[in-house]
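# Coordinate analysis (summary)
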Amino acid sequence: MSEVVAAPDIVWDPDTEPDKNYKWKAFSAIGLSMFTMVMSFSIVFVSLSAIADDFGVTLRAVTWVVVAQSLTISAMMLPLGRVADIVGRKRFHLTGQLIFIGGAIFAAFSPSLGVLIVARVVMAVGSSAGQAVSTAMIISVFPTNERGKAIGSQTTAVAIGAATGPVVGGILLQFFAWQSLFIFMAIPTGIAFLLGLFILDEARVSQQTQGKRPKFDMIGAVISALAVVILVVTINNPFAVDWLSPLIFAGGFLGVGLLVGFVFWELHNPAPMIDLRMFQDRIFRLAVATRWIGFLGTTATFFMMPIFLISFRDLNEGVAGMVLFMSALG
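The structure contained in this document is the topic of the report that follows. Computed from a predicted model, the values in this text were never measured in an experiment. (Residues numbered from 1 in each chain as written. Predicted model: local features only at pLDDT ≥ 70, side-chain atom pairs only at ≥ 80, totals over all residues. Heavy atoms only, no water.)

### Regarding the overall build of the protein
- Each helix and strand counted, the protein has 14 helices and 0 strands in total.
- Sequence-ordered secondary structure for the protein, helices as α and strands as β, is α-α-α-α-α-α-α-α-α-α-α-α-α-α.
- If one aligns the C-alpha atoms of the protein with their principal axes, the spans along those axes are about 60 × 50 × 40 Å.
- Within the protein, the proportion of its 330 residues that are buried is 44%.
- Partitioning the intrachain contacts of the protein with sequence separation of at least 6 by distance along the chain shows that 81% fall at a separation of at least 24.
- In the protein, which carries 20 positive and 19 negative side-chain charges, the distance between the mean positions of the two groups comes to 4 Å. (Helix = DSSP H or I, 4+ residues; strand = E, 2+ residues; numbered from the N terminus. Buried < 20%, exposed > 50% of the residue type's maximum accessible area, 1.4 Å probe, protein only. Contact = heavy atoms within 4.5 Å. Lys, Arg positive; Asp, Glu negative; His and termini not counted. Charge placed at Lys NZ, Arg CZ, Asp CG, Glu CD.)

In structure tokens, the structure reads:
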């Protein structure tokens, strides 16, 4: 194996940054990327009925357009974030955007539902790479006393993306086919890529220190990915097996067992995927739990409501988008 190259000794400090506007310049590039990638999740909800009609499949089958993306992001965001810390955040962030754009174009020209699902997985890989480092990069360019403002601004970009998606999707579907949604998503992502390419500085957003690059926790990455995928597939029950089936119980026990194994491995690993000891901080635990519960509730609404409004109440996509917008606004 080749030797690991030491990272350069970077002493840049955002607290002494002479360009006071750089933090917002960097945020504009990162925030636009976050906005678009979050919007790519909510914008598709209003198009599920149209996709099902176009391909002649059931609503249960077309939900895999969303589930496949969710599975991929959930399984890959943590490992890819760790990879970005090792190889460089800007480089990884931009690579993720290119993969996302390629996946969006691939999705727009998908000839079948199966190909569309594969394209959504490609988009999700790019989204995972782009989003996994966004918080770390934003915090890196803001001074210590403004990090709350930095995280709040990022959360605002995420919220606006979630709220805008159904509205934009509903308007586009009033005039164009569902393929237009994916072409549309490639445009702001391309702009964000160019902004990131010329604005972001690897030394500033990565804040590398002298020494060898940390090892990548491959075992932890595999265990965490398997645990998430098995649990989500078991809960989603895509094959409609009986809820008292041995397969459901086996999936649940296996998923929980893998999570327990992941915790044990990370606590005893000198170079863990994530430092789980952070959860000893009460404020951190409450913040993570609050966001998890919030996303759990809003995602269920965004996922089921457009299908109900469009397929069962016969409302058009524009009206359904406005209903979802009011939920996101709240």
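### Focus: a nonpolar patch on the surface
- Nonpolar side chains collect at one region of the surface, where Met278, Phe279, Phe284 and Val288 lie side by side and expose about 290 Å² of accessible area between them.
- Phe279 gets classed as partly exposed once you look at its relative accessible area, which sits at 31%. (Patch = residues over 30% accessible without salt bridge, like charges linked within 9 Å, V, L, I, M, F, W, Y side chains within 5 Å. Areas by Shrake-Rupley, 256 points an atom, 1.4 Å probe, with all protein chains shown as cover. Salt bridge = Lys/Arg side-chain N within 4 Å of Asp/Glu carboxyl O.)

### Things to note about the nonpolar core
- Counting 37 residues, the largest nonpolar core has Leu48, Leu116 and Phe182 as the members making the most contacts within it.
- In this structure, Leu48 is in contact with Val62, Val65, Val66, Phe303 and Ile307, ignoring residues within four places of it in sequence.
- Listed in part, the 16 residues of the second largest apolar core include Tyr22, Leu80, Val133 and Val141. (Core = buried A, V, L, I, M, F, W, Y, C linked by side-chain atoms within 4.5 Å.)

### Some remarks on the packing of aromatic side chains
- Tallied over the entire structure, the rule returns 6 aromatic pairs.
- Aromatic side chains Phe41 and Phe45 sit 5.3 Å apart centroid to centroid with 85° between the ring planes, which places their arrangement in the edge-to-face category.
- Ring geometry for Trp178 and Phe182: centres 6.1 Å apart, planes at 90°, overall edge-to-face. Phe182 carries the same exposure label as Trp178, and that label is buried. (Phe/Tyr/Trp six-rings, centres within 6.5 Å; stacked < 30°, edge-to-face > 60°.)

### Quick notes on the side chain of Ser110
- Positionally, Ser110 belongs in the loop between α5 (89–108) and α6 (113–132).
- Polar contacts involving the side chain of Ser110 include one to the main-chain carbonyl oxygen of Ala107, which spans 3.1 Å.
- Excluding residues within four positions of it along the chain, Ser110 makes contact with Phe55, Val115, Leu116 and Ala119. (Polar contact = N/O pair within 3.5 Å; in protein donor to acceptor, adjacent residues only side chain to side chain.)

### Notes on the side chain of Thr36
- Relative to the assigned elements, Thr36 resides in helix α1 (residues 22–42).
- Since its relative accessible area comes to 0%, Thr36 is described here as buried.
- Apart from the residues lying within four places of it in its own chain, the contact partners of Thr36 are Phe100, Met185, Pro188 and Thr189.

### Focus on the pattern of salt bridges
- The full count for this structure, using the stated rule, is 2 salt bridges.
- A salt bridge links Lys23 to Glu146, with the shortest nitrogen-to-oxygen separation between them at 2.5 Å. Taken together, the positions of Lys23 in helix α1 and Glu146 in the loop between α7 (134–141) and α8 (147–175) put the pair 123 residues apart, joining distant regions of the chain.
- For Lys23, a relative accessible area of 14% corresponds to the buried category.
- The partner of Asp275 in a salt bridge is Arg277, and the shortest N-O contact between them spans 4.0 Å.
- On the basis of relative accessible area, Asp275 is assigned to the partly exposed category, the value being 37%.
- According to the relative accessible area criterion, Arg277 is partly exposed, its value standing at 44%.

### A word on the packing of α8 against helix α9 (residues 179–199)
- In contact at an axis separation of 9 Å, α8 and α9 are set at 130° when each is read in the N-to-C sense. In terms of orientation, α8 lies oblique with respect to α9. As for the relative orientation of α8 and α9, their crossing is right-handed in sense. Between α8, through Val168, Gly169, Leu172 and Leu173, and α9, the contact on the second element is made entirely by Ser180, Leu181 and Phe184.
- Partitioning the contact of α8 with α9 into residue classes produces 5 nonpolar, 2 polar and no charged. (Axes fitted to C-alpha atoms, helices over the stretch in contact; angles between N-to-C directions. Parallel < 35°, antiparallel > 145°, perpendicular 65-115°, else oblique. Left-handed = near helix turned anticlockwise from the far one by under 90°. Nonpolar A, V, L, I, M, F, W, Y, C, P; charged D, E, K, R; others polar.)

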